[in-house]
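Examination of the molecular architecture
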Amino acid sequence: MQAILCHRYGPASHLEPTEVPVPEVLPGRILVRVRAASVNAYDWHRVLGEPYFVRLVDGFRGPKNPGVGADVAGVVEAVGEGVTETRPGDEVFGMSVGTFAEAVLVSRDAVVAKPANLSFEQAAAIPLAATTALQGLRDKGRLRAGERVLVHGAAGGVGHFAVQIAKALGGHVTATTSAAGLDLVRTLGADEVIDYGREDFTQLGRRFDLILDVLDMEGAAFTDAASQRRHDFAGQLFHSLMDAARRRCRVALDGQKGLGHRDGMGRIQKPRSRSRSQDLDSSDLV
Ligand SMILES: NC(=O)c1ccc[n+]([C@@H]2O[C@H](COP(=O)([O-])OP(=O)(O)OC[C@H]3O[C@@H](n4cnc5c(N)ncnc54)[C@H](OP(=O)(O)O)[C@@H]3O)[C@@H](O)[C@H]2O)c1
């Protein structure tokens, strides 16, 4: 099969479809025939090896695991010993390493059944961004029904899931977006929407129980160089993927809005003591 591999850090132009063996099906793992994969900021960080702390985890010269791509949707081809919840032929989506390939091995607890009303491309756009939003709001932020939550950067990959998840958890959602995202964010259920091009939410005197900041506020304005490199990466990766597609390596781009923004996972602010009602505003962002 073909897979896009990254053996050294650098621009996406050096990524090439490579002929590799189909992974051996291991106990507790599922072999998924890839129908769609999506591109996240995470992939950009892993391929570039930036910020540098990525290399502490992934390897100093290049990624220890050269597979690229984290999100996947596809069809189960084979299951390893002990896997009972899914079987060959099932349509699934989830996360792994090396999803820009014709097939990928996925841990049994990292995939779920794909709803029939989602296309493979739609399903592949969900896992990493939505899980990040879910972890931020539910696990770290411990959002409770009735609480007021600000989603800063609500029209992006993480943010547009965060708005929907916050509403599903019963939150009262205020969302920031550019003018282009106003309709989208309202449609997703935000109770209040702030056009960051017209209003600075830090000056509005609003109070929140939880702030999910998917932007790096200090770096909200990209430096020209950083911005250029991000777009170069996106363009180069797009060409690599198209090249792969031409060579029958079935990789589809997802519907995510962008490739992310600088480093980090965004910030979550919430009062430490849950017994005390202590509002947050922008000055609490650190
Ligand atoms: N995507 C993932 O799976 C994932 C996973 C873990 C961590 N992260 C991290 O999360 C961060 C965001 O990733 P993402 O994928 O959501 O990026 P993204 O799709 O590029 O979204 C960022 C959003 O920020 C908005 N924005 C830019 N400047 C703003 C401002 N001044 N005020 C309010 N909103 C502003 C943009 O909105 P407009 O389009 O309206 O301008 C854009 O939609 C990145 O640091 C990334 O590394 C992402």
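Let me begin by describing the structure that accompanies this report. (Residues numbered from 1 in each chain as written. Predicted model: local features only at pLDDT ≥ 70, side-chain atom pairs only at ≥ 80, totals over all residues.)

**Things to note about the nonpolar core**
A general feature of soluble globular proteins is that nonpolar side chains tend to end up buried together. One finds Val32, Val72, Phe93, Val104 and Ala124 to be the most contacted residues of the largest nonpolar core, which totals 32 residues. Of all the elements in the fold, those that place two or more residues in this core are strand 1 (2–5), strand 3 (29–38), strand 4 (71–79), strand 5 (91–95), strand 6 (103–107) and helix 3 (120–124). No other element matches the six residues that strand 3 contributes to this core. Not counting residues up to four positions away in its chain, the partners in contact with Val72 are Val32, Val34, Ala37, Phe93, Gly94, Ser96, Thr99, Val104, Val106 and Ala124. One finds Met95, Ala129, Ala133 and Ala190 within the second-largest nonpolar core, a separate group that totals 31 residues. (Core = buried A, V, L, I, M, F, W, Y, C linked by C-beta atoms within 7 Å. Buried ≥ 20, exposed ≤ 12 C-beta atoms within 10 Å, placed from the backbone. Helix = DSSP H or I, 4+ residues; strand = E, 2+ residues; numbered from the N terminus. Contact = placed C-beta atoms within 7 Å.)

**A word on the sheet that holds strand 7 (residues 111–113)**
Across the sheet, which stays open at both edges, the five strands sit in the order 6-3-4-5-7 with antiparallel pairing between neighbours. Looking at which strands have only one partner, the edges of the open sheet turn out to be strand 6 and strand 7. Geometrically, the sheet is characterised by an average inter-axis angle of 45° between neighbouring strands, direction not taken into account. Two strands pair when backbone bridges link them, and strand 3 and strand 4 are joined in this way by eight bridges, in the antiparallel orientation. Across the sheet, Ser38 pairs through a bridge with Asp71, a residue of strand 4. Running at roughly 60° to strand 5, helix 4 (residues 127–140) makes contact with strand 4 and strand 5 of the sheet. (Pairing = 2+ DSSP bridges. Axes fitted to C-alpha atoms, helices over the stretch in contact; angles between N-to-C directions.)

**Focus on unusual backbone geometry**
Across the junction of Glu50 and Pro51, the peptide omega takes the value -5°, indicating a cis bond. As for its position among the elements, Pro51 is in the loop between helix 1 (41–48) and helix 2 (53–58). Notably, Arg142 is not glycine yet its phi reads approximately 45°, a positive angle. Since 14 C-beta atoms lie within 10 Å of it, Arg142 is described here as partly exposed.

**Details of helix 1**
Listing the buried residues of helix 1 in full gives Ala41, Asp43, His45, Arg46 and Val47. Considering only its buried residues, helix 1 is in contact with helix 2. Looking one or two places after helix 1, you find Gly49, whose phi comes out positive at around 70°.

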